[in-house]
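Coordinate inspection notes
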Amino acid sequence: PAGSEVSQESLLLHGPFARKPKRIRTAFSPSQLLRLERAFEKNHYVVGAERKQLASSLSLSETQVL
């Protein structure tokens, strides 16, 4: 039936391989980069209270401190 056809555009936007919207990249300042790199050198997985404190001290969200 003609009503059951799915357009190519609909498949691209909503199909199983639909792309997620691109995340906006954070432009870190040189001082933020230095602090983040030093934290990463000490521990490759900055999590919990350390991540929260680092984010707060750099005026970033915890999501931005990965």
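Just above sits the structure.
Residues numbered from 1 in each chain as written. Predicted model: local features only at pLDDT ≥ 70, side-chain atom pairs only at ≥ 80, totals over all residues. Heavy atoms only, no water.

Things to note about helix 3 (residues 48-57)
So the rule is basically this: When a residue's accessible area, from a 1.4 Å probe over protein chains only, is under 20% of the maximum for its type it is buried; when over 50% it is exposed; and in between it is partly exposed. Each helix is a run of DSSP H or I of at least 4 residues and each strand a run of E of at least 2, with the numbering of both proceeding from the N terminus. What the arc covers is the set of directions going from the helix axis to the C-beta atoms. Any two residues having at least one pair of non-hydrogen atoms within 4.5 Å are treated as being in contact.
Listing the buried residues of helix 3 in full gives Arg-51, Leu-54 and Ala-55. The buried side chains of helix 3 occupy one side of the element, clustering within an arc of 100° when seen end-on. In helix 3, the exposed positions that point more than 90 degrees away from the buried face belong to Ala-49, Lys-52 and Ser-56. If you follow the buried residues of helix 3, they end up packed against helix 2 (30-42). Ser-59 lies just past helix 3 and shows a positive phi near 60°.

Observations concerning the layout of surface pockets
Note the following rule: Any residue with an atom within 4 Å of a point lines the site, the site being either a cavity, points on a 1 Å grid over the protein atoms alone where a 1.4 Å probe fits but cannot get out, or a pocket, an open set with protein on both sides within 12 Å along at least 5 of 7 lines. Grid points are joined across faces, edges and corners, and a volume is the space filled by probe spheres set on the points. Put simply, Ala, Val, Leu, Ile, Met, Phe, Trp, Tyr, Cys and Pro go in the nonpolar bin, Asp, Glu, Lys and Arg in the charged bin, and everything else, Gly too, in the polar bin.
By volume, the largest pocket amounts to about 250 Å³. For the largest pocket, the full set of lining residues is Arg-23, Arg-25, Thr-26, Phe-28, Leu-36, Phe-40, Val-46, Leu-54, Thr-63, Gln-64, Val-65 and Leu-66. Among the residues forming the lining of the largest pocket, the class breakdown is seven nonpolar, three polar and two charged.

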